Amino acid sequence: MSWDYLLTAFIVCVSPGIGVVYTLSMTLGGGMRAGFWAAIGCTIATIFHMIVAMAGLAAVLHTSAVLFQAVKLMGVAYLLWMAWAVLQDRGSMSVAPAEPAPLGRIVWRGVLLNILNPKLPLFFMAFLPQFMAAGSGLPLMAELGAVFSLVTFLTFLGYAALAASGRDALLGSARAMRWIRRAFAASFGALGLKLALARA
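Thresholds applied
- Residues numbered from 1 in each chain as written.
- Predicted model: local features only at pLDDT ≥ 70, side-chain atom pairs only at ≥ 80, totals over all residues.
- Heavy atoms only, no water.
- UniProt positions renumbered as here; feature names shortened; annotations may be inferred.
- Phe/Tyr/Trp six-rings, centres within 6.5 Å; stacked < 30°, edge-to-face > 60°.
- Helix = DSSP H or I, 4+ residues; strand = E, 2+ residues; numbered from the N terminus.
- Buried < 20%, exposed > 50% of the residue type's maximum accessible area, 1.4 Å probe, protein only.
- Core = buried A, V, L, I, M, F, W, Y, C linked by side-chain atoms within 4.5 Å.
- Patch = residues over 30% accessible without salt bridge, like charges linked within 9 Å, V, L, I, M, F, W, Y side chains within 5 Å.
- Areas by Shrake-Rupley, 256 points an atom, 1.4 Å probe, with all protein chains shown as cover.
- Salt bridge = Lys/Arg side-chain N within 4 Å of Asp/Glu carboxyl O.
- Axes fitted to C-alpha atoms, helices over the stretch in contact; angles between N-to-C directions.
- Parallel < 35°, antiparallel > 145°, perpendicular 65-115°, else oblique.
- Nonpolar A, V, L, I, M, F, W, Y, C, P; charged D, E, K, R; others polar.
- Expected span 1.5 Å × (residues − 1).
- Arc of directions from axis to C-beta.

- The name given to the protein chain in an unreviewed UniProt entry is Threonine/homoserine/homoserine lactone efflux protein, and the organism recorded there is Paracoccus sulfuroxidans.
- One UniProt comment on the protein chain, placed under Sequence similarities (unreviewed entry), says "Belongs to the Rht family."

The following block contains the structure:
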């Protein structure tokens, strides 16, 4: 496995996306513990998509326009619901300190948010072969997938630690919290729009 792969995987993971936004919002609302479990949920979804890609189901998703659209629309609806929930500052999607959400719910939402993005297995189908020599088989693909999942988890954990370190200062400012809610809601909404425009 090359350093090029590790660097590329890190750049992909550190780029703001659904998992990053969700991990940050959970950390601000529930602290480092919530951020940790949000990162776990997002990583589980990454592993799932990796398995889907390795099993060749991504090709089926790519050729079935109906299936692709169905998964995509569910993902768009869920992201828009997340945007509304953050903007309303209610329940476990609140970025203000409150009773911590059940860990299972935090993990499940992280899984669901990322599983409902049909572009991820297609991304892996295009991404992994670039780092595989001709004739290499499933073991190397599994190794690359495991490393990518680990990089995903560590990167999201880094985002959570960053958010947790400035959490107290942010929570002390009503104005900052108001803008943070708007920023997270806008981010979820923008990600939903981006997914809505995605094509197989």
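Now that the structure is up, let's keep going.
1. What to know about the packing of aromatic side chains
Stage number 1. For the structure on display, the rule yields 2 aromatic pairs.
Stage number 2. Taking the centre distance of 5.2 Å and the plane angle of 90° together, the rings of Phe 36 and Trp 37 count as edge-to-face.
Stage number 3. Aromatic pair Phe 36 and Phe 153: ring centres 5.7 Å apart, planes at 80°, arrangement edge-to-face. Pair noted here: Phe 36 is in helix H2 (residues 18-55) and Phe 153 is in helix H7 (residues 138-165), with a separation of 117 residues, a long-range link.
Stage number 4. The class for Phe 36 is partly exposed, based on a relative accessible area of 29%.

2. Considerations on the nonpolar core
Stage number 1. Judged by nonpolar contacts, the single largest core of 14 residues is most densely connected at Tyr 22, Met 26, Ala 38, Ile 106 and Phe 156.
Stage number 2. For this core, the elements supplying multiple residues, two or more each, are H2, helix H5 (103-115) and H7.
Stage number 3. With 8 residues, H2 is the largest single contributor of residues to this core.
Stage number 4. Ranked by size, the runner-up nonpolar core spans 13 residues in total, among them Ala 9, Phe 127, Leu 128 and Val 147.

3. Quick notes on the environment of Val 52
Stage number 1. With respect to the helices and strands, the residue Val 52 is situated in helix H2.
Stage number 2. Taking C-alpha positions, Val 52 is 9.2 Å from Phe 124, a pair spaced 72 residues apart along the chain.

4. Structural notes on a nonpolar patch on the surface
Stage number 1. Taken together, the side chains of Leu 7, Phe 10 and Ile 11 define a hydrophobic patch exposed on the protein surface, amounting to about 290 Å² of accessible area.
Stage number 2. In this structure, Ile 11 sits in helix H1 (residues 3-14).

5. Thoughts on the packing of H2 against H7
Stage number 1. Direction vectors running N to C along H2 and H7 enclose 170°, while the axes themselves pass 9 Å from each other. It follows from the interaxial angle that H2 and H7 lie roughly antiparallel.
Stage number 2. For the contact of H2 with H7, a count of residues per class yields 23 nonpolar, 9 polar and no charged.

6. Describing H1
Stage number 1. If you check H1, its first and last C-alpha atoms are 16 Å apart, about what 12 residues at 1.5 Å a residue would give, namely 16 Å.
Stage number 2. Of the residues making up H1, those classed as buried are Tyr 5, Ala 9 and Cys 13. Angular distribution of buried residues about the axis of H1 spans 65°; they occupy a single face of the element. Along H1, exposed side chains directed more than 90 degrees from the buried face belong to Trp 3, Asp 4 and Leu 7.

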